[in-house]
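Understanding the architecture of this molecule
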Amino acid sequence: MTRGSKTRSTRSRACRNGRRRAAWPLRTYRQLRRSGPDHAPVFTIEAVMADGRRTRATATSIRKGQRKAAEAMLATLDATE
């Protein structure tokens, strides 16, 4: 598998597992908001990097929100490299 063919989640997992740690600092997630009815909730999730950078995403599940926030974070980091 070439580097270009790796998905963003795979690259994110590699960061979390310690590879490229300096270039891809660890992050944490926070649930900022839950809205909508119980049968169709909408979550706003924030990813916070160790250096303080933040991205937010909205999704219909916490896991999807974390994934979207991580993808936004990686896009931001890719743009700065």
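Below is a summary of the structure that appears in this document.

What counts as what
- Residues numbered from 1 in each chain as written.
- Predicted model: local features only at pLDDT ≥ 70, side-chain atom pairs only at ≥ 80, totals over all residues.
- Heavy atoms only, no water.
- Salt bridge = Lys/Arg side-chain N within 4 Å of Asp/Glu carboxyl O.
- Helix = DSSP H or I, 4+ residues; strand = E, 2+ residues; numbered from the N terminus.
- Buried < 20%, exposed > 50% of the residue type's maximum accessible area, 1.4 Å probe, protein only.
- Pairing = 2+ DSSP bridges.
- Lys, Arg positive; Asp, Glu negative; His and termini not counted.
- Polar contact = N/O pair within 3.5 Å; in protein donor to acceptor, adjacent residues only side chain to side chain.

Next up on the list: the pattern of salt bridges. Summed over the entire model, instances satisfying the criterion amount to five salt bridges. Ionic pairing is found between Arg-30 and Glu-46, a salt bridge with its closest N-O pair at 2.7 Å. Taken together, the positions of Arg-30 in strand β1 (residues 27-35) and Glu-46 in strand β2 (residues 42-49) put the pair 16 residues apart, joining distant regions of the chain. The exposure class of Arg-30 is partly exposed, given its relative accessible area of 43%. With relative accessibility at 2%, the residue Glu-46 sits in the buried group.

It is worth spelling out the pairing of β2 at this point. Counted residue by residue, β2 has seven buried out of eight residues, so it is predominantly covered. Examined bridge by bridge, β1 and β2 share eight bridges and lie antiparallel to one another. Bridge pairing in β2 places Arg-30 opposite Glu-46. Two elements, β2 and strand β3 (residues 54-59), share six bridges in a ladder whose sense is antiparallel. Across the sheet, Ile-45 pairs through a bridge with Ala-57, a residue of β3. Count of turn residues in the β2/β3 antiparallel hairpin: four residues, of which Gly-52 carries a positive phi of about 100°.

Along the chain, the position of Arg-27 falls in strand β1. Buried and unpaired, Arg-27 has no salt bridge, with Glu-71 as the nearest side chain of opposite charge at 10 Å. Among the polar contacts made by the side chain of Arg-27, one reaches the side chain of Tyr-29 at a distance of 2.8 Å.

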